[in-house]
Amino acid sequence: MDGYFDINATSPLCAPAEQALQNALRTFANPSGNYRMAKTSRALIANARASVAGLIGADSDEIVFTSGGTEANNWALKGAVDAIQAREPDGGIHLIVSAIEHASVLEVARYLQRCRGVALTVIAPDAEGLIRPQAVIDALRPDTRLVSVMLANNEIGSVQPIAAIAEALRGRDIHLHTDAVQAIGKRPVDARALGVDSLSFAAHKFYGPKGVGGLYLREGVALEPLLHGGGQERGLRGGTEALASIAAMGAAADHARSRLDTDIVRMRALRETLREGLRSQVAHVVFNGPADDEARLPNTLSVTFPGVRAEALAAILDHSHGFQVSLGAACSNNKAAALSHVLRAIGLPEDRIRATLRLSLHADTGEDAIARLCDAIGKGLTLLDSIAHPIRKEASYAA
Amino acid sequence: MDGYFDINATSPLCAPAEQALQNALRTFANPSGNYRMAKTSRALIANARASVAGLIGADSDEIVFTSGGTEANNWALKGAVDAIQAREPDGGIHLIVSAIEHASVLEVARYLQRCRGVALTVIAPDAEGLIRPQAVIDALRPDTRLVSVMLANNEIGSVQPIAAIAEALRGRDIHLHTDAVQAIGKRPVDARALGVDSLSFAAHKFYGPKGVGGLYLREGVALEPLLHGGGQERGLRGGTEALASIAAMGAAADHARSRLDTDIVRMRALRETLREGLRSQVAHVVFNGPADDEARLPNTLSVTFPGVRAEALAAILDHSHGFQVSLGAACSNNKAAALSHVLRAIGLPEDRIRATLRLSLHADTGEDAIARLCDAIGKGLTLLDSIAHPIRKEASYAA
Amino acid sequence: MFNDIIVRHFSNPTHTGEIAGASRSLELGNPVCGDRIRVDLRLDGDRIAEARYQAWGCATSLATGNAFCEHIEDKSLSEAANTSATAIEALLGELEPSQMHCVEMLRSLFAQLGSQPDDR
Amino acid sequence: MFNDIIVRHFSNPTHTGEIAGASRSLELGNPVCGDRIRVDLRLDGDRIAEARYQAWGCATSLATGNAFCEHIEDKSLSEAANTSATAIEALLGELEPSQMHCVEMLRSLFAQLGSQPDDR
Ligand SMILES: Cc1ncc(COP(=O)(O)O)c(C=O)c1O
Ligand SMILES: Cc1ncc(COP(=O)(O)O)c(C=O)c1O
């Protein structure tokens, strides 16, 4: 864990979540059972629902559990389209999404366009990765029925003005969905205050288990189920409930809630240390994303080392120094597929995208780990410089 | 566990699955990561895939993990419809399902009919709960593109002649899906020998965790994803993989495979003991489902006690004797909703449905537990008889 | 699922049976689910000296018969008949929606108790 | 992900650098991903007395340069140029699809080695 700077990809289980999971392993009765054993299972789910609701400022009745953020995003968009088409079989549906959404929103949008007759507008962020409410308003059409803008971006950490977007859309009969997968546990999230119709989350991004998450569905909002089945989750999502995972998610939610304030302060400080360390270690370094600290996740740094192949640097960090970081582009012979669509959307040219790493830290990251990371990056750059010296593209980058 | 006669609803974790889950809890790296830690995660998933493939006679490449049986059934049907409609935008789609399918098939069929323009034929089983291949053939239309018949029924245990149905459909360009959720671990399942295009399974029915399962997708068969997203599962199913649950499912698959032959023999013997015990304990008892032992799950007994309200009997079994059993009908003021659609489909009248219990046992059930269950049922019937004596509907039922 | 009151009444019913030569009998059927309850009373003047019931139906219905008899036994007919609406509801404890019809049955039994036998 | 051979070559490269007054230089660019490799040779008669490389690109490209130099150093020019196709492929170990272009680069380097300098 000490060299782990990829918390935005996934987090380990926190101790309370692991404990809750252990405790739940023997609670196996089907919650739908008609006997006493089933009561324990139902209570476990009800408790977890209350915990998750508490974390995101919702009522228990507004939380539906899913298999993760991807299912929640798929459900919100497909379920809204189904519900609207059922109500108004002859009306067209126009969907607006931001260009920096996660694949589980973008791919759904493309599916809806390709297979379900939905008209799609993809709106660009500004150079800092922010979606201005005006950009949403400018994209509106009379048949716009669905808007999806994420709360916080996973790659550059930009936090979108969702409440302002919701305000702008009010009264227009538009379903506003926000993907909050990356925001929860890293900043306060209050679904009701945001004013959205639906909001997705995934436990493994806030120290719960992988393969479980959910959708906040504002009271009164109707969606066609994505998983039709045996009436679980008040008929909204079929499937025998993932008892142990749900219990662990509940514990992770309680834990995240109790730590949030101090975690944020700590992550901010650590990120500053990291930023300063990189600046002093590396001659030429660029930080991507919002300049304003209020508009970015406290734990995320998107860093470009101009002239460097970030893939090679990441490989050295992993194999020679034991650090895990994430890339803006994977090495691939298929240019387009491998380049981060987020970095492209904020206008980074291809060589800059290939020179970019994402460093995402957690609140328990040690100061010493940060110092060692900066040192390792410095050493890695020196090594790369020595290999590339006479043929490198830009001026020397190691300080 | 000793009084648990509801294994068809869900099973507890077997020891190897619990161990695998424990071992996997610290393996947290995102399998999509570009660093060494991610290798462990990928290996864990690959091993589990091989284990599951081994259990059902498939290649690893033919297994896609999902959040359970419900998602797998939803995906098979919706994904096939999407794929067919994309290939032939102007062709109609006719879907055939059996009347005794699980809700996660029936509700999907109704959704496809209601919202997606699919024509639906629901075919009835015979009085033993068997779907004759001829019934499927009789329902065929020129535009039939999709057939879904379950391998084994969860309520009465009837095992359908899927291989014969597949044979009858061969060469007609029809996607044949089978829901094998209830069959796996209770009888040999060989996806390739069955000749189906897709086959769904859920770990919690074979002593793995709840909330994980998968779909066998025969090589060469194309489905549109149900969960669009980040390219996991070779682009077929988005979502960060449920590492620990998948590892546990793999261990459960290995365990089920190694025990299957002896388990079947043992479950059959136990079921016979139970059947004989009930016959000797109760004057009037009827067993529903196939007469032929080859055409029924070895662990499942659907039992009607004519003249008895099974709900009251189940309540006494639970509260006075510690037995968990399942009902053919829940107590409800909404007549229709509460009656088992399976028992209705095989022609049981309402009063018989309300008099029916499902007893499903596992291979580790003790002979003594069976004796005690028979004794408790006898006592329960005597008690109910004493309460209802002068006003009961039918002749005395306690022996 | 059943609350503790319901469980006690159906798993250990204390007032089952018939009364030979009963002073009075109440009878009730639920047309939707088919549940039936019959209660025999032995009156000692105005006092309900003995109340016994037979029932066929779901567990909550069975409990309802017993709860009714237990409550009225040893009370005067008028006192029992005047059991308040709140007290009637409390007799079965908290119920789930699917069990609510049993409160209806209970109310009917109390109502029959209050009406004159020749009213029927 | 990288196999052990690749890891050894890129994390501890043994043949980086330039050779002042090199007898010969090979140069290579990959038009798709932009990777570049340059190799300087110091020949002692027909013998490759020293091989040094510079590279810019992904980790596997960097490893490719080192693997090439390590393999040819101390061999005769013709022996090195006649390295079999199988041996060339084996030099980088098992690769993932996204790393396959490095085998191409390696083949090009060996091909350049075999062709006369004035062929270029
Ligand atoms: C912003 C965002 N949305 C959605 C997801 C999908 O979540 P999951 O992989 O748990 O389905 C992720 C992470 O993978 C994410 O970062
Ligand atoms: C026959 C059958 N199909 C599908 C399912 C659904 O599986 P799950 O609840 O795991 O989604 C079940 C059990 O619930 C079942 O018995």
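Bear in mind the structure is a predicted one, so any value in this text is a computation, not a measurement.

A. Molecular detail of the relation of the copies chain A and chain B. Each copy superposes on the other: chain A lies on chain B with an RMSD of 0.0 Å after a rotation of 180 degrees and an axial shift of 0.0 Å. What the superposition gives is, in effect, a two-fold axis relating one chain to the other. Within chain A, the C-alpha atom positioned nearest to the axis of rotation is that of Ser67(A), 3.0 Å from it. Residue by residue, 100% of the interface of chain A is reproduced at the interface of chain B, so both copies engage with the same surface.

B. Examining the sheet that holds strand β1 (residues 24-29) of chain D more closely. All names here are of chain D. The antiparallel open sheet is built from 3 strands, whose spatial order is β1-β2-β3. Two strands in the sheet have a free side with no partner beyond their single neighbour: β1 and β3 (47-56). Neighbour-to-neighbour, the strand axes of the sheet open up by a mean angle of 15 degrees, direction not taken into account. Across the sheet, helix α2 (residues 59-72) is in contact with β1, β2 (36-44) and β3; its angle to β3 comes to roughly 175 degrees.

C. Seen up close, the interface of chain A and chain B. Taken together, the 58 residues of chain A in the interface contact 58 residues of chain B. Overall, the association of chain A and chain B removes approximately 4,700 Å² of surface from exposure, summing both partners, and the carbon and sulfur fraction of that is 58%. By the criterion of area lost to chain B, the three top residues of chain A are Phe28(A), Tyr35(A) and His228(A), representing 16% of everything that side buries. Linking chain A to chain B there are 6 salt bridges. Remark: the boundary between chain A and chain B carries 27 residue pairs in polar contact (both at pLDDT 80 or more). Breaking the side of chain A that touches chain B down by element, the ones donating at least two residues are α1 (15-24), α2 (36-56), α3 (69-87), α4 (103-115), α8 (243-281) and α9 (310-321) of chain A. It is α4(A) that provides the largest number of residues to the side of chain A that touches chain B, a total of 7 residues.

D. Main features of the confidence of the model for chain A. Counting all residues, the mean pLDDT for chain A is 94, and 95% of those residues have values of 70 or more. The low-confidence segment residues 393-399 of chain A, where pLDDT is below 50, has 25 contacts with residues more than four positions distant or belonging to other chains.

How each quantity is defined
Residues numbered from 1 in each chain as written. Chains lettered and ligands numbered in written order. Predicted model: local features only at pLDDT ≥ 70, side-chain atom pairs only at ≥ 80, totals over all residues. Heavy atoms only, no water. Least-squares fit on C-alpha atoms with pLDDT ≥ 70 in both. Contact = heavy atoms within 4.5 Å. Pairing = 2+ DSSP bridges. Helix = DSSP H or I, 4+ residues; strand = E, 2+ residues; numbered from the N terminus. Axes fitted to C-alpha atoms, helices over the stretch in contact; angles between N-to-C directions. Buried area = accessible area lost by both parts, 1.4 Å probe. Salt bridge = Lys/Arg side-chain N within 4 Å of Asp/Glu carboxyl O. Polar contact = N/O pair within 3.5 Å; in protein donor to acceptor, adjacent residues only side chain to side chain. pLDDT = per-residue confidence, 0-100.

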